[in-house]
Structure formats: C-alpha cells, structure tokens
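# Structural features, examined
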Amino acid sequence: MTARKRHVLYDADGRPTRDRPWIFRTYAGHTNARASNALYRENLAKGQTGLSIAFDLPTQCGYSSDDPIAVPEIGKVGVPVNTLDDFHVLFDGIPLEQMNTSMTINGTAMWLLALYIALARERGIDPKQLRGTTQNDIVKEYLARGTYIFPPEPSMRLIAEMYEYTLDAIPAWNPSNICSYHLQEAGATPAQELAFALANAIGVLDLVRERGRFDEAQMHRCVGRMSFFVNAGIRFVEEMCKMRAFCALWDEIARDRYGVTDPKLRRFRYGVQVNSLGLTERQPENNAWRILIEALGVTLSRRARCRALQLPTWNEALSLPRAWDQQWSLRLQQILAYETDLLEYPDLFDGSPVVASKTDELVEEARAEIDRILAMGGVRAAIDNGYMKSALVRSMSERMSRINTGEQVVVGLNRWTDGLPSPLVTGDDGGVFTVDPNQARETLDALAETKRRRDPGRVAAALDALRDAARSGANLMEPSIECALARVTTGEWAGALREVFGEYRAVTGVEGQSLRLDPARVDALRRRVDAFAERVGHRPRIVVGKPGLDGHSNGAEVIAVAARHCGFDVVYGGIRLTPEQIAHSAVEESADLVGVSVLSGSHVELARQVVDALAALGAADVPVVVGGIIPAGDVDRLRADGVRAVFTPSDYELIDVMERVLSVIETASGGAPGSGAPADRAAGA
C-alpha cells in the first residue's frame, strides 16, 4: 500500500481528487424583467453556475414602480419587480428546480420569496426542490445600506417567520444571509466585521429560540441553515485569517450557545463579493488587479474557502457594469478554479504560526466586541442606542483620514497618480453602462396590464388576510404567497404591513465624530469660515441629505463629519428624503448650500427635482452641489440644470471638497471665493 502524501487531496475511497469549484455568480439585474432575463440566460450560457439577482430600489424599499417616489429609480440599480407576472418574465427559460438563486433583498425579502414560491407553484414545481438564499439581513440595512422599511421588532419577526416556514417547506433554502459585506463597505475593521455579523446571527437565532416554534432537533437544523455573505478586501492575508476566524467563532457559538453537536450543522457557510469600496474612478484599470487579489483571500485557504463567489467589475466606481465587464469578472473566477492547481491541495496554511497567531488575534478582538454588544442587550439594543452605527461612522472617518494623509496608499489615487490614459474608457460608451430611461415605460405598462386583468376581490381579500395575520402574530408566509398568486403588487404588500407595523428612521451616527486632515489646510479653511461668519452674521450652514431611495449613506455621512470638523454648521437629514423635504429643510434652516449624494444612477433626475423644489419655495438662490457615482458625461447636464458643483469618487480629498463647497457659498453670498471676505474687499487686496 502506497503511503499517503501530505500535499495530495484524497476522496473518501482514498483516491487522489480535487475539490469542486465554488458557485460562480455575477450580481446582475437592470432596466426591466425582460432585459434582466436576457442577461441571466446569457451569463448562464457563459459558464455562470448560479444566479445573483439585483433588485431596483423601489422593489427593495417596498414601492411599486408607479409610486411617485419610485419613478426616478425604476431599473437603475437592479430589476424592478411589481407582481408575479414580472417573475414569470424574469425566470422565463430558467429551470427553477435546477437553479441556485440568490436574491439581494432585505426589507421585502418575505415578499420576494413568496413570489418565488408562487412562481414554482404555477409552474407545477414542488417548492421543496428550490435552492437558494434571500439576503434578508435587516440589521446591516439599519447600519449601512438603508433599504429597511419597518422598525426592528417587526422586521426581525419577518426573518424569524421565514426560518420557521422554510425549515420543512423549502429545506434547501437559506432564509437569511447575514451580510458583513456592507459592514466593510461602511468602514468596518476586520474585528468589527466579525463581531457585528456574528452578533447579528445570534440576534436572529435567539429570537427564533425565544418564539418556541422549534423543538431541539429543529433548532439545530435552523442553526445549520444560517448562512453568511462576506466581504474580502485588498489586505488579502488578513482577510484570509478573518475567514478562518469566522469559521472558528461560528463553530464555537453553534456548539456552546445552541448546543449543536453535529459538526455539519456548525459549518460556517458563506458566499462572497469582494470589496467594491476600494475600487477607484482614477486609473480604473488597476481595479482588475485589486479584484483578483481580493478573490485570493477567500479561495486560498481550503479550510475557509467560500461556497459562492461573485466579483465586482473594474468599472464599478464609474457605473453599473456592462455585459462584457461581467464576463471579464466571470472569466477571472473560471481561470482561478480551472486553470490553476488551487483546488488540488489540502489547506495550505494549517500549521503556519503566522496565520494561527493572526487568526487568534482577530478571534479575541471579535469575541470581546460580541460580549460588549450582548452586555448591552444584544444587536437590537445596539441598533437602538446607536452604538454600532457610530462605531462604523468612526471607522469610516478614520479610513478616510488615512487616505487623505497618505498613510493608507491607494495606487493611482493618492500615490503614482500620473499615468497614461486608460484604453478601457475610450470607447463610444466611455466604459460605462447607462439605463435607457424610456425602458421604464415597459415596466409601468406591464404593471398597469396586471392591475387591469387581476381579480379585485381576490386582491382585497388577500391583503385583508395579510393585515389580519400581521396583527394576530400568525406566520405571514402563506398570506404573502396568496397575495403573490392574487397579483398584489410590491407596493400594496408593503403598504398593508406599513399600516400595521409603521415605518422606521435609523440613527445617523455622525454626531461626535472627527477626522484627521492636513492641520494647516484645516486652519486656513476655518479662518475662511470665520471671515464668512463675520461678514454675513452666521457660520456657513449646509443641509446634507440623500434624495430618493438610495440608502448608501457613507459618503454623505463623511461629508457631514468633515464639514463640522472644518467649522460649518451642518444639518444632516439622512437617507430616503424627497426633494421637497430637502428643500423645505434648507428654507427652514436658512441654509447657505444644499449638498445631496446619489449613488443609484438617478442623480440627473433627483438633482433637477431638488433645484426645482427650492425654486418653488422661492429659494432658487440656495446653491446645490451633488456627489456620487456620476459619469463624466453627466456633469455638464447637471450644471445646465443649475447644480453649482459636482463631486465624483475621484474627489477623495475631503479638505479639497470642503474648500470648493465654501467657495460656492462665498460666491453665492456675494463674497470672493477663497477668502471669506466681501468680493469688493478681496478685489482690492
């Protein structure tokens, strides 16, 4: 008998083997159900092995496409889904019983799962055959992404009820996918990402246990259905150690807190999208290497290898990806899995003292943070008291300070900034994807047609049953499935539950934060601020907010913190504001400038609405500036609509941004930009 070799991977029969690759996905969806269906089928034909569905913001926030707040956002960051008829189009030609489908959906996760089950029923497919995941992590929505609808208690109830329903009805479905991805995008350190995600999972499982619907064996299976969606940043050695720390801590929590004895049910199951936060608008070709390196962090260690991987594209700091961009990222995964020998070996890092020590350090830091959150009363208490949100805003502010001071190097952004023009952005489309606004008409027409054809009596009865179940505490899954079958719309489903549960506004976390910026430039800017205050009688006052449904608030929060740091008065309104609300706030606060942030691609429509709303209130003289992911081709359009300054991801130096903002205010108030003094005095100096 030949002795086994330590570097060879063997199967159960002792034969050399190699691991199966992870599931290949691309996060996709745009324009409308028909266009997204074509994209999914194309990607599957290219070798993608699972679906990852991106929904547009109205679908995520519980609005139908014909709601006024939804119209500017239709199909911009994902596919719009209003009724079961849209799902029939979206999954046309795709066999549900053979597909592993991941849905990035949270506040309306129960509704989208109900639509998926209803689609299976109408196709004659046993729902037990369905496999996939609903992200359904409401905690990170309160902390980082902003597509929550209801207050924490009913939101957590919806998650618990999905676990209770799916455990036997759809046993291969992951009802939620605890998502640390957005925590890192919001600035979380590795230890915070570990701790906040695991505390979140504990919050869900503790609630399920408290509700008492499961016996011990069912509870163990419920623990085994918990899955995670993780980020992987550019510090790929640390990220790999983070994944090993996740595995160790989850095994410990499942065993010690929930008594799970079966090691398979204690396994840390996770998917990944690697980091988007570090992708740059400047020298965007560098992003391809960043994505490859970040993918290594979650694939190199067999013991901590991801089960599914989706990669961003090189141009995500510019726009949504085009089909070719997604193909390029998919090919990267395929080369890594099939051309290299990565999947032929046992874990490469077992026995490494360096990896073991770094992993232990992360475990200890995360364990201490988890204990701190549990001592507060758990994750719900840490949301209500603002602890977790403030910690993330502080971490993001520190990250931006390191980049601004050059302590954290970002090639092409704050070091080696000179380079040849990128050929990737020289084509006719500039390397960016643009949603045709006229395509929204197809979605609106389809919605109108469904409303015309459906049975109003069945719709009303289904919504009444949904409200009754919400009030009584009965499980909402079956009433939601009946709503789907009756052709209730997304907005009607969420609206019925809003009547019972109410709506929620989360804390902003910007209070008491500070930044490390160039002291000399900060002092000079503060002198300009003082000079302005002396001239006009008050400090420059800015209203900062996010119009529309985009909840990615990191940029707006950092700007609010930076402005206060430099001596401005700041009114930060948070997310999901109407243009009219922002305009009213500007008038009521006698603002000198309105700053809005939009990352959803709706910057042109929303900026125009803010400018118009100010004019309607007689405040057309209040200047508006806009920041976000804004293609270069849209800058002139925004200026033509009255926007005074535009900031893109290339404007990373916060002190530069604040100097330009003050110049806009100085000019608008009749002063000389750059001095804070009156124009005539500056001209004579």
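Structure report, in brief. (Residues numbered from 1 in each chain as written. Predicted model: local features only at pLDDT ≥ 70, side-chain atom pairs only at ≥ 80, totals over all residues. Heavy atoms only, no water.)

## As for the pairing of strand β5 (residues 131–134)
For clarity, the cut-off: Any two strands with at least two DSSP-identified bridges between them are counted as paired. Comment: elements are numbered from the N terminus, with helices defined as DSSP H or I runs of at least four residues and strands as E runs of at least two. A clockwise course of the path from the first strand over the helix to the second, judged with the strands pointing away from the viewer, identifies a crossover as right-handed.
As paired elements, strand β4 (residues 100–104) and β5 share four bridges and run parallel to each other. Paired with S102 across the bridge in β5 is T133. Between the parallel elements β4 and β5, the chain passes through helix α4 (residues 109–123) in a crossover that is right-handed.

## A closer look at the packing of aromatic side chains
The cut-off we apply is this: Paired rings are identified among Phe, Tyr and Trp, the last through its six-membered ring, by centres lying within 6.5 Å, and are further divided according to the angle between planes into stacked (under 30 degrees), edge-to-face (over 60) and tilted (the rest). Any residue under 20% of the maximum accessible area for its type is buried, any over 50% is exposed, and the rest in between are partly exposed; the area is computed with a 1.4 Å probe on protein chains only. Counting as a charge over the ring demands two things of the Lys NZ or Arg CZ atom: a distance within 6 Å of the ring centre and an angle within 35 degrees of the ring normal.
Counted under the stated rule, the structure contains 18 aromatic pairs. Between W111 and W493, the aromatic rings sit 5.8 Å apart at their centres with planes inclined by 25°, giving stacked as the arrangement. Placement of the pair is W111 in helix α4 and W493 in helix α19 (residues 490–501), with a sequence separation of 382 residues. With relative accessibility at 0%, the residue W493 sits in the buried group. Both rings, one in Y116 and one in W173, keep their centres 5.4 Å apart while their planes meet at 45°; by these two values the pair is tilted. One end of the pair, Y116, is in helix α4; the other, W173, is in strand β6 (residues 173–174), with 57 residues separating them in the sequence. Considered together, Y116 and W173 belong to a single accessibility category, that of buried residues. An aromatic cluster is built from F228, F246, W250, F268 and Y270, whose rings are joined through pairwise contacts. Directly above the aromatic system of Y10 lies the positively charged group of R4, at a separation of 4.6 Å from the ring centroid. Its guanidinium or amino end placed over the ring of W416, R415 lies 5.0 Å from that ring's centre, counting from NZ or CZ.

## Digging into empty space enclosed by the protein
Take a probe with the size of a water molecule and roll it over the atoms, and the empty space left behind shows itself. To keep things clear, this is the line we draw: Using a grid of 1 Å spacing that covers the protein atoms alone, one calls a set of points a cavity when a 1.4 Å probe fits there but cannot get out, and a pocket when the set is open and has protein on both sides within 12 Å along at least five of seven lines; lining residues are those with an atom within 4 Å of a point. Grid points are joined across faces, edges and corners, and a volume is the space filled by probe spheres set on the points. Note on residue classes: Ala, Val, Leu, Ile, Met, Phe, Trp, Tyr, Cys and Pro are nonpolar, Asp, Glu, Lys and Arg are charged, and everything else, Gly too, is polar.
Per the counting criterion, the structure on display carries four cavities of 30 Å³ or more. Here the largest cavity is characterised by a volume of approximately 70 Å³. What lines the largest cavity is N106, G107, A109, M110, N136, I138, I149, F150, S155, L158 and I159. Every element with two or more residues in the lining of the largest cavity is listed here: α4 and α6 (152–169). At three residues, the largest contribution of residues to the lining of the largest cavity is made by α6. Space inside the second largest cavity adds up to approximately 60 Å³. Looking at the second largest cavity, the residues that line it are L143, A186, K389, L392, V393, M396, N554, E557 and V558. The dominant element in the lining of the second largest cavity, judged by the number of residues it contributes, is helix α15 (residues 387–405), at four residues. Here the lining of the second largest cavity is composed, by residue class, of six nonpolar, one polar and two charged.

## With respect to the environment of D445
Here D445 lies in helix α16 (residues 440–453). The sequence separation of D445 and D66 amounts to 379 residues, and the corresponding C-alpha distance is 9.7 Å.

## Details of α19
Stated precisely, the cut-off is as follows: The span expected for a helix works out to 1.5 Å for each residue beyond the first. Should any heavy atoms of two residues lie within 4.5 Å, those residues are counted as being in contact.
If you check α19, its first and last C-alpha atoms are 16 Å apart, about what 12 residues at 1.5 Å a residue would give, namely 16 Å. Within the span of α19, buried status applies to T490, G491, W493, A494, A496, L497, R498 and F501. Buried residues in α19 make contact with α2 (57–61), α4, α6, α17 (456–472) and α18 (477–485). One or two positions beyond α19, positive phi appears at G502, with a value near 80°.

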